[in-house]
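Fold and geometry: a report
Now for the letters of each chain:
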There are 2 protein chains.
Amino acid sequence: MTGSRAVTSPLLGPGPEFDFIRAIARALGSAAGPLGDDCALIPDGTTTLALSTDVSVEGVHFRRDWLAPREIGWRAAAGALSDLAAEGAEAIGVFAAVTGPRSLAERDLVELMRGVGDAATSVGGKVLGGDLSAGTQWSVAITVVGRAPRPVTRGGARPGDGLWVTGALGAPRAALEAWLRGDPPSADARDAFAHPVPRVVAGSWLAAHGATAMLDLSDGLAGDARHVAAASEVHLDVELDRLPVAPAVAAEAGRLGVVPAVFAAQGGEDYELLVALPAGFGPAESEAFRAAAGVGLTRIGAVAPGVGVRLLRGDDEVVLPGFDHFR
Amino acid sequence: MTGSRAVTSPLLGPGPEFDFIRAIARALGSAAGPLGDDCALIPDGTTTLALSTDVSVEGVHFRRDWLAPREIGWRAAAGALSDLAAEGAEAIGVFAAVTGPRSLAERDLVELMRGVGDAATSVGGKVLGGDLSAGTQWSVAITVVGRAPRPVTRGGARPGDGLWVTGALGAPRAALEAWLRGDPPSADARDAFAHPVPRVVAGSWLAAHGATAMLDLSDGLAGDARHVAAASEVHLDVELDRLPVAPAVAAEAGRLGVVPAVFAAQGGEDYELLVALPAGFGPAESEAFRAAAGVGLTRIGAVAPGVGVRLLRGDDEVVLPGFDHFR
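What counts and what doesn't
One numbering rule holds for all chains: residues counted from 1, following each sequence as written. Chain labels run from A onward and ligand labels from 1 onward, assigned in the order the entries are written. With pLDDT at 70 or above as the cut-off, local features in this predicted model cover only qualifying residues; side-chain atom pairs require 80 or more to be listed or tallied, and sums for whole chains, interfaces and linings still use all residues. We count a stretch as a helix when DSSP gives it H or I for four or more residues in a row; a strand needs E for two or more, and each element gets its number in order from the N terminus. Here the radius of gyration uses the C-alpha set of atoms, whereas the globule reference equals 2.2 Å times the residue count to the power 0.38. The burial label depends on the number of other C-beta atoms within 10 Å of a residue's C-beta. Counts of 20 or more mean buried, 12 or fewer mean exposed, and intermediate counts mean partly exposed, with C-beta atoms placed from the backbone. Each residue is represented by a C-beta atom placed from its backbone, and any two residues with such atoms within 7 Å are regarded as in contact. Where each domain begins and ends is defined by an automated method or by a domain database. Each residue receives one of three labels: charged for Asp, Glu, Lys and Arg, nonpolar for Ala, Val, Leu, Ile, Met, Phe, Trp, Tyr, Cys and Pro, and polar for the others, Gly being one of them. By this definition, two strands are paired if DSSP reports at least two bridges between them. Lines fitted to C-alpha atoms define the axes here, with helix axes fitted over just the stretch in contact, and angles between the N-to-C directions of these axes take values from 0 to 180 degrees. Read the arc as the range of directions from the helix axis to the C-beta atoms. Copy-to-copy superposition: least squares on the C-alpha atoms, limited to residues that have pLDDT of at least 70 in both copies. What we call a nonpolar core is a set of buried Ala, Val, Leu, Ile, Met, Phe, Trp, Tyr and Cys residues whose membership is set by joining through C-beta atoms within 7 Å. Every residue gets a pLDDT, meaning the predictor's confidence in that residue, from 0 to 100. When the near helix sits turned anticlockwise from the far one by under a right angle, the crossing is termed left-handed; a clockwise turn instead gives a right-handed crossing. Between the first and last residue of a helix there are one fewer steps than residues, each counted as 1.5 Å, and that sum is the expected span.

A closer look at the overall build of chain A
In terms of helices and strands, chain A carries 10 helices and 13 strands. Radius of gyration (C-alpha) of chain A: 19 Å, near the 20 Å computed for a compact globule of 327 residues. Dimensions of chain A along its principal axes, counting C-alpha atoms only, are 55 × 55 × 45 Å. For chain A, buried positions account for 63% of its 327 residues. Taking the intrachain contacts of chain A between residues at least 6 apart in sequence as the baseline, contacts between residues at least 24 apart amount to 82%.

Structure, rendered in structure tokens:
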């Protein structure tokens, strides 16, 4: 999520934010588990447990005048559940550690927890526990737990695979740009920001149908693709003209004088899945996916030998600046 | 932990803080799992997964001029691991969601995570993941995951059982009282506050030796005992004269004009285990426990029919005011 970063592996892409995380991993040494993916994976008999923690902080990830308490709860939980989706895991449940000012109305906190519960039940999970504390600002740390019959990490993409993405990109960023400018966002953009859909059904389907690598887009395609490239030790070519750009993007991108696909590639909090699939996965399989998961799947590029990511418009490479959330 | 409260069941003891949690549980309805213990318990083949979330917030649970970053990390993780101990669970690992001001030195954050790692490895666990975010204050949300071969809830105490407690009580409160007065705490008191030992080995031993109910003392014996009484639907008689009071308590209790055992019964963050054991559990078993767990076990009372808690000095009942952390 914006402003935050999973403590994951040395296999992360470049950037000062990720250098910070690498410093932690070095300091922990053998005290750290096998870090390095959307979730921690714990082998468990014939299946694998998947767990992940995400924190949402007022003023960093949301503002209270943008979202109602129930939306804050949904969004925090959905963002964390998206990490289960990215492993191909089914949800068991969520834990919520919530801080808020002492003046916090009981009603607001109950509504926030309702939103957490809505998101959990939307993917077949439950609220399994939590903790409450006073604090100077609202903060919601969500831990998700699920089971992955066949976990899909970021590290399995192979040259020759196709690169695909679920849904449409850029609408949450469109909402953010409008708010930051002081305007109300369009209804579509606002809904995409306030009510992201964790792609748990989609992720399970993809895991069962050959996905070789998967990740959820929390920092924007341009940056997140680098993690797949680094973890899989492959090169990714992304054809920007193929990007499924959300309708809400056009107006906001136009204001900034940015091509919509570039705007969408630099968005954050899309919570769509970026997935590598074998070359044989084509339009027929994509249609079967849509029927099963209720969301589209678009081929946006290819996996090649090498290491790195190239964003292409036609034959030209587009170079986007790095992205750094924490500092 | 002080200032925080696990979102648990309608079986909690009385108090406005717990009314708040009951309101959340009501609002969640069927979206909530079977809440009501130190950990959520997820059956998992021949064993049971135990998970819990705890949040520590600057200015509520600690002050930065009291503790070094590594101690903040240890204490946050140890407090959460204590919930595993209270179920008789072994630790698998911890997740840390950390927020801190943008000015936070990388060194401090790395040290904090070292402390988290120290606590995890002290009980055979690892740091399995985390998340970082900017925020206005330091906050550390720890989620622990473990396995309980034979989980011990708060709800199994039976009339006739003995009531026991591990270790000695009151030293963390002694440190807190000194700090709040503006004095440095004694070395013993400070160490108990900064470096609580999660009783994971003790909890596993007790679970394997007949414990019928168990809970870790985070809000003070006087309040926490009520949760065991409510969940087990029993009456607890606590003989204050039997309480194992930490040596650091005497001076601080004296300043407040409070009997040391009463001071210790109202402490918080002791992270010792309160446990009900069958009547046959006696001095020999207690010695075997000490040899195995490296900490003492003291019989402080008995479980009787009825519902509630009585704190006794000789034949007289001591009535302590209720305790409310969140408001």
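Digging into the domain arrangement of chain A
Residues and elements named next belong to chain A. Domain annotation for chain A reports domain 1 (40–148) and domain 2 (162–318). Every contact between the two is made by 18 residues of domain 1 and, on the other side, 21 residues of domain 2. Mapped onto the side of domain 1 that touches domain 2, the elements with two or more residues apiece are α2 (69–85) and β4 (90–100). When residues in the side of domain 1 that touches domain 2 are grouped by element, the largest group, 10 residues, is from α2. The residue inventory of the side of domain 1 that touches domain 2, partitioned by class, reads 11 nonpolar, three polar and four charged.

Structural notes on the sheet that holds strand β11 (residues 297–304) of chain B
Residue and element names in this part refer to chain B. Sheet architecture is open: seven strands sit in the order β8-β10-β7-β11-β9-β12-β13, paired in mixed fashion. Where the open sheet ends on each side, the last strands, each with one partner, are β8 (213–216) and β13 (316–318). Neighbour-to-neighbour, the strand axes of this sheet turn through a mean angle of 30°, independent of strand direction. When strand β7 (residues 162–166) meets β11, the two strands line up antiparallel, connected through five bridges. Directly across from Thr166, in β11, lies its bridge partner Leu297. Docked against the sheet, helix α7 (residues 221–232) engages β8, β9 (235–239), β10 (273–277) and β12 (308–313), running at close to 155° with respect to β9.

Observations concerning unusual backbone geometry
Residues and elements named next belong to chain B. Unusually for a residue other than glycine, Glu269 sits at a positive phi of about 55°. Inspection of the secondary structure assignment puts Glu269 in the loop between α9 (260–265) and β10. Of note, Tyr271 is a non-glycine position whose phi angle comes to about 55°, a positive value. Here Tyr271 lies in the loop between α9 and β10.

Comments concerning helix α8 (residues 249–256) of chain A
Residues and elements named next belong to chain A. Within α8 the residues assigned to the buried category are Val249, Glu252 and Ala253. With its buried residues spanning 100° around the axis, α8 presents them on a single face. Looking at the buried residues of α8, the elements they touch are α4 (171–181) and α9 (260–265). Looking one or two residues past α8, Gly257 carries a phi angle of roughly 70°, positive in sign.

Things to note about the interface of chain B and chain A
Taken residue by residue, the interface counts 56 residues in chain B and 56 residues in chain A. For the side of chain B that touches chain A, the secondary structure elements donating two or more residues are β1 (4–6), α1 (16–28), β2 (40–44), β3 (47–57), β4 (90–100), α3 (106–122), β5 (126–134) and β6 (139–148) of chain B. The biggest single contributor to the side of chain B that touches chain A is β5 of chain B, with nine residues. A per-class count over the side of chain B that touches chain A returns 29 nonpolar, 18 polar and nine charged.

Some words on the environment of Trp179 of chain B
One can find Trp179 of chain B in helix α4 (residues 171–181). The contacts of Trp179 of chain B, once residues within four sequence positions are left out, are Trp66 and Pro185 of chain B.

Some words on the pairing of strand β9 (residues 235–239) of chain A
Residues and elements named next belong to chain A. Judged by which residues are buried, β9 turns out to be one-sided: Leu236 and Val238 face inward and are buried, whereas His235, Asp237 and Glu239, on the alternate face, are not. In this structure, β9 lies alongside strand β12 (residues 308–313), joined through five bridges in parallel fashion. Each bridged residue has a counterpart across the sheet, and for Asp237 the counterpart in β12 is Arg310. As judged from the four bridges shared by β9 and strand β11 (residues 297–304), these two strands associate in the antiparallel manner. Bridge assignment links Leu236 to a residue of β11, and that residue is Val303.

Observations regarding the relation of the copies chain B and chain A
Rotating chain B by 180° and translating it 0.0 Å along the rotation axis places it on chain A, where the RMSD comes to 0.0 Å. Accordingly, the operation relating the two chain copies is best matched by a two-fold axis. Taken as a fraction of all interface residues of chain B, those also at the interface in chain A reach 100%, which identifies the copy contact as same-surface.

Notes on the nonpolar core
Core analysis: the largest hydrophobic core is formed by 235 residues, its most contacted members being Ala77, Leu81 and Val94 of chain A together with Ala77, Leu81 and Val94 of chain B. With sequence-adjacent residues up to four places away left out, Ala77 of chain A is seen in contact with Val94, Val116, Ala119, Ala120 and Ile142 of chain A.

Comments concerning the sheet that holds β9 of chain A
All names here are of chain A. Across the sheet, seven strands lie side by side as β8-β10-β7-β11-β9-β12-β13; this open sheet has mixed pairing. The open sheet has two edge strands, β8 (213–216) and β13 (316–318), and neither has a second partner. Going across the sheet, the axis of each strand differs from the next one's by a mean of 30°, ignoring polarity.

Details of the pairing of β6 of chain B
Residue and element names in this part refer to chain B. With nine of its 10 residues buried, β6 lies for the most part within the structure. Sheet analysis places β3 next to β6, joined by 10 bridges and oriented antiparallel. Looking at β6, one finds that Thr53 is bridged to Thr143. Bridging between β4 and β6 involves nine bridges; their strand directions are antiparallel.

Quick look at the environment of Leu274 of chain A
The topology assignment puts Leu274 of chain A in strand β10 (residues 273–277). Setting aside residues up to four positions removed in sequence, Leu274 of chain A forms contacts with Val165, Leu215, Leu217, Leu221, Asp224, Ala225 and Val228 of chain A.

Details of the confidence of the model for chain A
All names here are of chain A. Per-chain confidence: chain A averages 91 in pLDDT, with 93% of residues scoring 70 or above. Note on residues 1–10: pLDDT under 50 across the span, and 48 contacts to partners over four residues away in sequence or across chains. Across residues 322–327, confidence stays below pLDDT 50; counting only partners more than four residues off in sequence or on other chains, it has 24 contacts. Here the predicted complex carries an ipTM of 0.89, next to a pTM of 0.91.

Brief notes about the packing of helix α2 (residues 69–85) of chain B against α3 of chain B
Residues and elements named next belong to chain B. At a closest axis distance of 6 Å, the pairing of α2 and α3 adopts a crossing angle of 35°. For α2 against α3, the interelement crossing comes out right-handed. Contacts between α2 and α3 involve Pro69, Arg70, Glu71, Ile72, Gly73, Trp74, Ala76, Ala77, Ala78 and Leu81 from the former and Asp108, Glu111, Leu112, Met113, Arg114, Gly115, Val116, Asp118, Ala119 and Ala120 from the latter.

A word on α3 of chain B
An ideal rise of 1.5 Å per residue puts 24 Å on 17 residues; α3 of chain B measures up with 24 Å between its terminal C-alpha atoms. Every buried residue of α3 of chain B is accounted for by Leu109, Leu112, Met113, Arg114, Gly115, Val116, Gly117, Ala119 and Ala120 of chain B.

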